[in-house]
Amino acid sequence: MNYWIYFSHYAFFAIICWAICMLFQIIKIKRDKTLPIILFAVLGGFSMIAFTYNLWQNLGRPPMRTLGETRLWYALFLPIIGIVTFIRWKYKWLLNYSLVMATVFLVINYLNPDTYNKALMPALQSVWFVPHVLVYIFSYALLAASSIVACYGLFEYYRGTYKNTILQLANNLVYVGFGFLSLGLLFGALWAKEAWGHYWTWDPKETWAMLTWLGYLIYIHIHYRYPESVKPVLITLALAFVVLLLCWFGVNYMPSAAQSVHTYTNA
Amino acid sequence: MRVVNFENHKVTKKKLWQYPWDYKESFIVAAGLLLTGYLLQITTRTSIKAVSSPVNYIIGGLFIVMLLLLHFTSRTHPWVKWLRSVPASVSAIVLVLIQAVIMGTLPQQNFVEGVEPDLFGFSFVLTSWPFIIAQLYFLTTLGLATLNRMTPWQWKNWGFVLNHLGLFIAMTAGILGSGDLQRYTMKLYENQLVWGAENEEGVMIPMPIAFELTSFEMETFTPKLALANITNNSIETKGVNALRMINKGESYDYKGYKIKIVDYIENSKFTGNGYFPVNEEGATPSALIEVRSATIDTTAWISCGSFATEYSYLQLNNKEAIVMLQPEAKKYSSHVNVFVKDGKNDKTVIEVNKPYKVDGWKVYQLSYDEKFGKWSKLSVIELVRDPWLPIVYSGIFMMIIGALYLIFKGRGTVI
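Below you will find a few notes about this structure. As the structure is a prediction and not an experimental result, all values here were calculated from the model. Along each chain, numbering runs from 1 in the same order as the chain's sequence is written. A letter from A marks each chain and a number from 1 marks each ligand, given out in the order of writing. Totals for whole chains, interfaces and linings use all residues, but because this is a predicted model, local features are given only for residues with pLDDT of at least 70 and pairs of side-chain atoms are given and counted only at 80 or more. Processing note: side-chain calculations cover all non-hydrogen atoms of the structure and skip hydrogens and water entirely.

## Digging into unusual backbone geometry
Residues and elements named next belong to chain B.
At step 1: Cis rather than trans, the peptide bond between Tyr 19 and Pro 20 has omega equal to -10 degrees.
At step 2: In DSSP terms, a helix is any run of H or I states spanning at least four residues, a strand is any run of E spanning at least two, and both are numbered starting from the N terminus. As for its placement among the helices and strands, Pro 20 is situated in the loop between helix H1 (2-13) and helix H2 (23-44).
At step 3: The amide bond that connects Thr 151 to the next residue, Pro 152, takes the cis arrangement and shows omega of -5 degrees.
At step 4: With respect to the helices and strands, the residue Pro 152 is situated in the loop between helix H6 (129-150) and helix H7 (158-177).
At step 5: For Asn 353, which is not a glycine, the phi torsion comes out positive at approximately 75 degrees.
At step 6: Residue placement: Asn 353 occurs in the loop between strand S15 (345-351) and strand S16 (356-358).
At step 7: For the exposure calls, accessible area comes from a 1.4 Å probe over protein chains only, and a residue counts as buried if that area is under 20% of its type's maximum, exposed if over 50%, partly exposed in between. The exposure class of Asn 353 is buried, given its relative accessible area of 11%.

## Some remarks on the pairing of strand S3 (residues 204-220) of chain B
Residues and elements named next belong to chain B.
At step 1: When DSSP finds two or more bridges between two strands, those strands count as paired. Here strand S2 (residues 193-198) pairs with S3 via five bridges, running antiparallel. Note on S3: the bridge partner recorded for Glu 198 is Met 204.
At step 2: Here S2 folds back onto S3 in antiparallel fashion, the turn holding five residues, of which Gly 202 has a positive phi close to 85 degrees.
At step 3: Across 11 bridges, the pairing between S3 and strand S14 (residues 329-340) is antiparallel. Residue pairing in the sheet places Glu 217 in a bridge with Ser 333 of S14.

## With respect to the interface of chain B and chain A
At step 1: The contact criterion used is simple: two residues touch if any of their non-hydrogen atoms lie within 4.5 Å. Taken together, the contact between chain B and chain A spans 73 residues of the former and 67 residues of the latter.
At step 2: A 1.4 Å probe defines the accessible area here, and the buried area is the portion of it lost by two parts on being joined, summed over both. With both chains or domains summed, chain B and chain A bury close to 6100 Å², and 67% of this area falls on carbon and sulfur atoms.
At step 3: What counts as a salt bridge is simple: a side-chain nitrogen of Lys or Arg found within 4 Å of a carboxyl oxygen of Asp or Glu. Taken together, the connections running from chain B to chain A amount to two salt bridges.
At step 4: Polar contact is the term for a pair of N or O atoms within 3.5 Å; when the atoms are in protein, one must be able to donate a hydrogen and the other to accept it, and sequence-neighboring residues count only if both atoms are side-chain atoms. At the junction of chain B with chain A, the criterion picks out 11 residue pairs in polar contact (both at pLDDT 80 or more).
At step 5: The residue makeup of the side of chain B that touches chain A, split by class, is 46 nonpolar, 12 polar and 15 charged. All residues other than Ala, Val, Leu, Ile, Met, Phe, Trp, Tyr, Cys, Pro, Asp, Glu, Lys and Arg, Gly among them, are scored as polar; the first ten of these are nonpolar and the last four charged.

## A look at the packing of helix H1 (residues 7-26) of chain A against helix H4 (residues 92-111) of chain A
All names here are of chain A.
At step 1: The contact between H1 and H4 brings their axes to 10 Å, and the two run at 155 degrees. As the angle between them shows, H1 and H4 are arranged roughly antiparallel. Crossing geometry of H1 relative to H4 is assigned as left-handed. Residue-level inspection shows Phe 7, Ser 8, Ala 11, Ala 14, Ile 15, Trp 18, Cys 21, Met 22 and Gln 25 of H1 in contact with H4, the latter providing Lys 92, Leu 95, Asn 96, Leu 99, Val 100, Ala 102, Thr 103, Leu 106, Val 107, Asn 109 and Tyr 110.
At step 2: When grouped by side-chain class, the residues that make up the contact of H1 with H4 number 14 nonpolar, five polar and one charged. Convention adopted: a line fitted to C-alpha atoms gives each axis, helices being fitted over their contacting stretch, and angles between N-to-C directions are expressed from 0 to 180 degrees. Convention used here: angles under 35 degrees read as roughly parallel, angles over 145 as roughly antiparallel, angles from 65 to 115 as roughly perpendicular, and any remaining angle as oblique. The handedness criterion is simple: a crossing whose near helix is rotated anticlockwise from the far helix by less than a right angle is left-handed, and one whose near helix is rotated clockwise is right-handed.

This is how it looks when you write it as structure tokens:
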């Protein structure tokens, strides 16, 4: 049995929940009540957790191999980040952004159904597989959120309504995201030593992962040096995200990647 | 907060090259280093070989002594102050970033076969002058910044020190240690004692350890069924059921066909009018499938074949056919006897992701004869010795704790 055939049910339920959640923010009388907003966001999130759990059970391996499977994890982590930041700092727009992005990932998965594949090559069968990939996806989701905050900040900056809290939020997300990014990179190095005999082989994906890491490193240093500067810092953050996207999607298409162990296939 | 704004203001007013140096000066220096690197590359046209022991220990020692001397004798010199400053660090990160972009985008000699060397070193960034210089600049700024936070020691700086010193140790040891890294492959044929290994150039090197393969074992996943286009020899990969792992008794729909897997035999042989289970070398997986659509209703045996047996597929029309793909490896391992020169003997299993440790060497299962698959009589193992690994790992573990620090305490604090 292929569990992906149930994907549309779970995805549909989650999207409906999130739509209701956003609807509650529009309706005047309900607008100021946060409980129903959180409730429906969480309900949709649970739908994704349930599907991911069942798929994992059904495949008999962690669902982290194909691009479709990683998209599933984004659809799971983004709402979690959105909900947590909403509960903590009451950013409605960030919650909505994360829900919309998660919906986009679900729709992409619906339109490009993953092929059914239980096979997991021996090198990937390691205790490091789950922590390495989970930590990475979580950090990408956080850094994506930070960059969208940066873009929003730039938008406000040009409108003249910029408030310093925007950069504070972006900074919080970057520090946590960068911590996870470092962990992903380091776990990858420890795993590579066990599986391929060396901790760093300059595989194109590794090189781009390091580039992503360097991008956010630049942001952290620039912001640390001039905490009061706004525009250059926000631009750096937005640019760092471009590098991250190149690392995630672009590497497969680069001439350097002909023999990478990291090129995700749909097969 | 006002103070910072005032500083900002001051920076824009000060003349170029007037101390303290800021971003402008840093990026001019970085650009100069980049230019120097390319000039050196063009004039020498070399690929820099990693130096091995004892030269790498001497270089490492000299580099660290130089940093210590700079720090303890000239801590307040404007150049030293600049070298450990954020602008210098950022320019150094950018310099490494530029080299990494080239390395990550263009095909590299050490990674893609058949890449020709070029004048600027774009195809061998790792061993080219611009990259070496960028790393040296990076490590100098990193080392000086770390030293500055470490002396005098203050406990509030522990997060900073773990992150920066960890990176410094891991990177320095990684670069210097690459010259002492030994990586050889050994081809093991069943019941043959092997003492020699091959290096990357294919030169045989006598080893202090010998291996004898008693058996090579492999487990495979069940093969997958796919729809193939026989006019251009391609396989359909789109759709939920495009590549379907065989599971006896299951039926599914794909592109208007109703496919049922009536029977599946893991080890079989074709005799006359069908496949029968056998227990012999070169047996092939086979499946009896039933296919129904508006135009077809048939049942047939198909097989992916092996080195000893032909494959067979079910042709649906003059364009499409149902084929069985070669089974993918699930797990493979070598059962070996190990003989060490000083007389120690051992018996072990080397498996992917489960290397075997002996006498300072780590031994990895690398590959096998793919033509024969699970019937392979050849197992290739890899022997790796990296004496600098403990140093690199100590740096990596410092960075792991540093990363946890960033996650739990990083934001808002000065790191």
